[in-house]
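Notes for the structure review
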Amino acid sequence: MWELWALLLLTLAYFFWPKAKHPGGKYPKSLPSLPVVGSLPFLPRNGHEHINLFKLQEKYGPIYSFQVGSKTTVMVGHHQLAKEVLIKRGKEFSGRPQTMTLDLLSNKQKGVAFADYGEAWQLHRKLVQAAFALFKHGDHKLEKIICQEAGSLCDFLDTQNGQAIDLSLPLFVKVTNIVCFFCFNISFKNGHPTLKTMQKCNEGIMDSLSNNNIADIFPALRIFPNKTIKTMRDCIKLRNDVLAEIYEKYKGNFSSDSATNLMDVLIQAKMNSVNNNAGSDEESKLFSDQHILATIGDIFGAGVETTTSVMKWTVAFLLHNPQVLKKIQKEIDQNVGFSRTPTISDRNHLLLLEATIREVLRIRPVAPMFIPHKAITDSSIGEFAIDKGTNVIINLWALHHDEKEWCQPHQFLPERFLDPTGSQLISPSLSYIPFGAGPRSCVGENLARQTLFLFLSWMLQRFDLEVSEDEQLPSLEGIPSMVLMINPYKVKIKVRQAWKEAQGEGST
């Protein structure tokens, strides 16, 4: 009997053991691996995955590999190697792996965030970039839209004076409205059913992503009931139903006279494709309703939760560091005053605020590990060979917490982004890429940076943020997921005395 078991194990090992395409090539050092399960038994199970994988660099170096099932994954944790993947060889590593989770999020690899390298991804990414170009000037200027929502947020916070509140919902509503205006030129009032549905979907998707899905490792297991996958599938369907309803209404009123938002750009591109390539099935597939809705869904998924999360992280760190908050308010008082509200041009003067945002993006990166890349051809990273089809993950947490690159990396020190005089922003390390780089960089980086700056400057001009008497300081540990979320907390909102006095003087 033991001979049969031995033969079975040898057979499994033959089929599942990773096979190097270039036997003479030098490959990254690898964790131990077993047939079928790969390196899973040797990966740390407790704690945050991005931190555990960072710690493995002490033994295996800044680039190493492991097997997830039968699939090879290369982990990169140094900025030079990361930029080689993202920029120098960006096209070669611009693919996306196909997993059950990413398939659900992208409707089988459509859209821009999770789509594999190819014509559809390239085209839709260019169209999203073209849509952002529409918001540079005039009434549709991005800054104007953000300021409207910042003002609405401050008006709401004014009604909460003296109370301790969770900022999650009001921030979600205002950021969602910004994204809705970018996509459809529409916005919603507080309490609108669409906003409630979107928030419910968003929370469900984020909760699901915080649980590693075993079916991503062993696809055969997808035939079995999976509560996490069911929750994600239900939330994605509900979100897509909402977007599809908006989309159908929008198509009925579409005018080709001028493009003012992302939906206009996508529909116009679809019409141009039909007119110029009659009978081309392949071309028409690139602009199917499913492709368009997947791209819109990516903008919502990437734009809302990330910006909302960074806002909450920033407020939390300011509650832990009230001296920094006071310095920022002093900076605002001196450079903006109370007779007007901050604008994007004030970024040149509110340097500590800008440095604080940069430090939050460093110490608590939006995505502690970038969405996996995939080698679309045989390539290399540094001195190591990388076979086609290999998954490559950039551990951004490792880049942003490398003690060789950052002084006291675990300390919140906004001043690290300022010169010794505090009069100029600096880049203290090349190991800082919060929004990625290269072909797969975050297409909404400018939107995120403007929203963070304007929301925070408007809030801190008008309000003091304090820890409520019956509340503890927010936990800074975080909840690991595709986005590094913060545990729920409350902040006490108080209208600043200086703001009150200025408003009183202005009304007399």
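Thresholds, definitions, all that
Residues numbered from 1 in each chain as written. Predicted model: local features only at pLDDT ≥ 70, side-chain atom pairs only at ≥ 80, totals over all residues. Heavy atoms only, no water. Helix = DSSP H or I, 4+ residues; strand = E, 2+ residues; numbered from the N terminus. Rg over C-alpha atoms; globule rule 2.2 N^0.38 Å. Buried < 20%, exposed > 50% of the residue type's maximum accessible area, 1.4 Å probe, protein only. Contact = heavy atoms within 4.5 Å. Lys, Arg positive; Asp, Glu negative; His and termini not counted. Charge placed at Lys NZ, Arg CZ, Asp CG, Glu CD. Pairing = 2+ DSSP bridges. Axes fitted to C-alpha atoms, helices over the stretch in contact; angles between N-to-C directions. Phe/Tyr/Trp six-rings, centres within 6.5 Å; stacked < 30°, edge-to-face > 60°. Lys NZ or Arg CZ within 6 Å of the ring centre and 35° of its normal.

Another point: the overall build of the protein. Within the protein, the secondary structure is distributed over 19 helices and 10 strands. Computed over the C-alpha atoms, the radius of gyration of the protein is 24 Å, within 12% of the 23 Å expected from 2.2 N^0.38 for a compact globule of 508 residues. Its C-alpha atoms give the protein principal-axis dimensions of roughly 95 × 60 × 40 Å. Here the protein holds 508 residues, and the buried ones make up 53% of them. Nonlocal contacts in the protein, meaning residues at least 24 apart in sequence, comprise 75% of its contacts between residues at least 6 apart. Counting 55 positive and 51 negative side-chain charges, the protein places the averaged centre of each group 3 Å from the other.

Here we take up the sheet that holds strand 8 (residues 391-394). Sheet architecture is open: 5 strands sit in the order 1-2-3-8-5, paired in mixed fashion. Two strands lie at the open edges of the sheet, namely strand 1 (29-30) and strand 5 (373-374), each paired on one side alone. Strand direction decides the pairing type here: strand 3 (residues 71-76) and strand 8, joined by 4 bridges, are parallel. By the bridge assignment for strand 8, Val74 is matched with Val392. Each of strand 2 (63-68), strand 3, strand 5 and strand 8 touches helix 4 (residues 79-88); the most contacted strand, strand 8, lies at about 125° to it.

Turning next to the packing of aromatic side chains. Counting across every chain of the model gives 12 aromatic pairs. Centre to centre, the rings of Phe338 and Trp499 are 6.2 Å apart; their planes meet at 70°, and the pair counts as edge-to-face. Remark: Trp499 occurs in helix 19 (residues 497-506) and Phe338 occurs in the loop between helix 15 (322-335) and helix 16 (351-363); sequence separation between them is 161 residues. Judged by relative accessible area, Trp499 falls into the buried class, the value being 13%. Note that Arg362 overlies the ring of Trp406, its terminal NZ or CZ placed 5.3 Å from the centroid. Seen from the ring of Trp121, Arg440 lies directly overhead, with NZ or CZ sitting 4.2 Å from the centre.

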